[in-house]
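Close look at the chain arrangement
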Amino acid sequence: MVVNKRLMAGLAAVAALSMGLAGCGSTNNDTAGTDTSSDNGGVVNITYMHRLPDSEGMTLVKDIVAKWNKEHPNIQVTATKFDGKASEMIKKLETDVKSGEAPDLAQVGYAELPEVYTKGMLQDVTQYADQYKDHYAAGPYSLAQVGGKTYGLPQDTGPLVYFYNKAEFDKLGITEVPQTEADFIEAAKKAAAAGKYIMSYQPDEAGNMLSGLAGASGGWYQVKNDAWVVNTETDGSKAVADFYQQLLDAKAVTTNPRWDPSFDASIKNGQLIGTVAAAWEAPLFITSSGGTGAGEWQVTQLGDWFGNAGKSGPDGGSAVAVLKSSKHPKEAMEFLDWFNTQVPDLVSQGLVPAATTEDAKTPSDWSDFFSKQDIMKEFKDANANMGEFTYMPGFSAVVAKMNETAAKASDGSGKVADVFSEAQTTSVDTLKNLNLSVAN
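Thresholds, definitions, all that
- Residues numbered from 1 in each chain as written.
- Predicted model: local features only at pLDDT ≥ 70, side-chain atom pairs only at ≥ 80, totals over all residues.
- Heavy atoms only, no water.
- Helix = DSSP H or I, 4+ residues; strand = E, 2+ residues; numbered from the N terminus.
- Rg over C-alpha atoms; globule rule 2.2 N^0.38 Å.
- Buried < 20%, exposed > 50% of the residue type's maximum accessible area, 1.4 Å probe, protein only.
- Areas by Shrake-Rupley, 256 points an atom, 1.4 Å probe, with all protein chains shown as cover.
- Salt bridge = Lys/Arg side-chain N within 4 Å of Asp/Glu carboxyl O.
- Contact = heavy atoms within 4.5 Å.
- Domains from an automatic or database assignment.
- Buried area = accessible area lost by both parts, 1.4 Å probe.
- 1 Å grid on protein atoms, 1.4 Å probe; cavity = no way out; pocket = protein on both sides within 12 Å on 5 of 7 lines; lining within 4 Å.
- Points joined across faces, edges and corners; volume = space filled by probe spheres on them.
- Nonpolar A, V, L, I, M, F, W, Y, C, P; charged D, E, K, R; others polar.
- Pairing = 2+ DSSP bridges.

**Overview of the overall build of the protein chain**
- Across its full length, the protein chain carries 18 helices and 12 strands.
- For the protein chain, the C-alpha radius of gyration of 22 Å lies close to 22 Å, the compact-globule estimate for 440 residues.
- Taken along the three principal axes of its C-alpha coordinates, the protein chain extends 70 × 50 × 35 Å.
- Here the protein chain holds 440 residues, and 57% of them are scored as buried.
- In the structure as shown, the protein chain presents an accessible area of about 17,000 Å², 47% of it carried by carbon and sulfur atoms.

**Concerning the pattern of salt bridges**
- Across all of its chains, the model carries 15 salt bridges by this definition.
- Residues aspartate 170 and lysine 166 are paired through a salt bridge, measuring 3.1 Å at the closest nitrogen-oxygen approach. Of this pair, aspartate 170 and lysine 166 both sit in helix α7 (residues 166-171), four residues apart, which is roughly one turn of the helix.
- Across the pair glutamate 168 and lysine 196 runs a salt bridge, and its minimum N-O distance is 3.7 Å. With glutamate 168 in helix α7 and lysine 196 in the loop between α8 (181-193) and α9 (206-215), this pair connects stretches of sequence that are 28 residues apart.

**Focus on the environment of alanine 192**
- Relative to the assigned elements, alanine 192 resides in helix α8.
- The exposure class of alanine 192 is buried, given its relative accessible area of 19%.
- Discounting residues that sit within four places of it in the chain, alanine 192 has contacts with Tyr197, Lys251 and Ala252.

**As for the domain arrangement of the protein chain**
- Domain boundaries assigned for the protein chain yield domain 1 (44-158 + 317-360) and domain 2 (160-315 + 368-434).
- Between domain 1 and domain 2, the buried area comes to about 1,300 Å², and carbon and sulfur atoms account for 63% of it.
- When the buried area of domain 1 at its contact with domain 2 is split by residue, Ala111, Gly158 and Val352 rank highest and sum to 38% of it.
- Linking domain 1 with domain 2 are one salt bridge.
- Notably, a salt bridge pairs lysine 380 with aspartate 359, separated by 3.3 Å at the nearest N-O pair.

**Quick notes on unusual backbone geometry**
- Although it is not a glycine, alanine 309 sits at a positive phi angle of roughly 55°.
- By relative accessible area, which is 70% here, alanine 309 ends up exposed.
- One non-glycine residue with positive phi stands out, namely lysine 372, at about 60°.

**So, the layout of surface pockets**
- Taken as a whole, the second largest pocket holds about 360 Å³ of empty space.
- Along the wall of the second largest pocket there are 21 residues; nearest its centre are Ala355, Asp359, Ala360, Met376 and Lys380.
- Elements that contribute at least two residues to the lining of the second largest pocket include exactly β12 (352-353) and α16 (375-383).
- Class assignment of the residues belonging to the lining of the second largest pocket gives a composition of 10 nonpolar, five polar and six charged.
- Lining the lining of the second largest pocket are residues from two domains, each supplying at least three of them: domain 1 (44-158 + 317-360) and domain 2 (160-315 + 368-434).

**Quick notes on the pairing of strand β8 (residues 227-230)**
- Bridging between strand β7 (residues 221-224) and β8 involves four bridges; their strand directions are antiparallel. Considered in β8, the bridge of glutamine 222 is made with valine 229.
- Linkage of β7 to β8, two consecutive antiparallel strands, is achieved through a turn of two residues, within which asparagine 225 is found at a positive phi near 50°.

What follows is the structure, given as structure tokens:
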């Protein structure tokens, strides 16, 4: 699921990707699929693979697509939901592209797109995308690009924000969310003494969340002189490590993995009353809570807890890319822009849309849980307050290592700083394994 990084991989850094990725990307992905002839009797058939939730109460993808098909008889779309993990879907797509059986369109996370590009799976659709550029926020749009060429369109974003139970804060005498590191840690210790926790440390989300928090004050990856420059141990990373280490040492933070039942239990039993979360987590968080604290929770921007001057960072978010084997890129992009600007429908799927064609409305059930607050406005503000961060090819390997190391910090057998030092080693090794140049 689901970002933006200002979501911003700075334009200069993104432009440089073409040089740094050239050693591994296929030269054919810029010219494949230019045949725009119809399949049957003037009808073009487009296929789209996604990982959207498609749960009860949402506007289902098949129903969104049905609206398109009714209005566009000459471009008919078939959507397929992939029920596995993102990494499993990428493996399937890689195999299908090689065999010529891949869909025209596929959902690809921003963090995965550089890796998919290096494998020669994408098609350059810049000539079709330019007309849609103004339909999206600049940051997400740039994340669907590599080296200034566009390979799809942004669908959703995932800025990091802070969820907290204001009623429980008030009971503790914490009248507002502390804005500095020192004040927050003091408040966390006060809450812990009362059996409450205003922050969570989530080892299974470390690779995405901690990189996003660190990236709020500066990116980790850039390309200079045709080589990748890697620095995951930035001042921002050190500040994030120091913040969480102080909380862990003081036993003033929960350590339940985010996607473990123990995390849900910590909300339901009233222990966890505050946490950093990606914007797309809002409906999932409501489910995790089981209704505990409904009408008491609120959303606010991150404080200056990590040396980030109050900026946010990215955690998730996806583009929809046109795959190399598509024979109908023009029609695929026409449908894709329409689909990604169906803002109310995408919101119903729990997404924070990247489209700027209309303001996203906060769903009523979200508003009921979050104190009648217009949390979509908070998410929009967070999108506009993103620090610069560029993903590298093979970032999934870095995430896996960070998660593994973060678990050691949570049980006391390691330190949070180790998460970032392991990220450095893994980043360099991964790039070299992809036959990409790495600066010393």
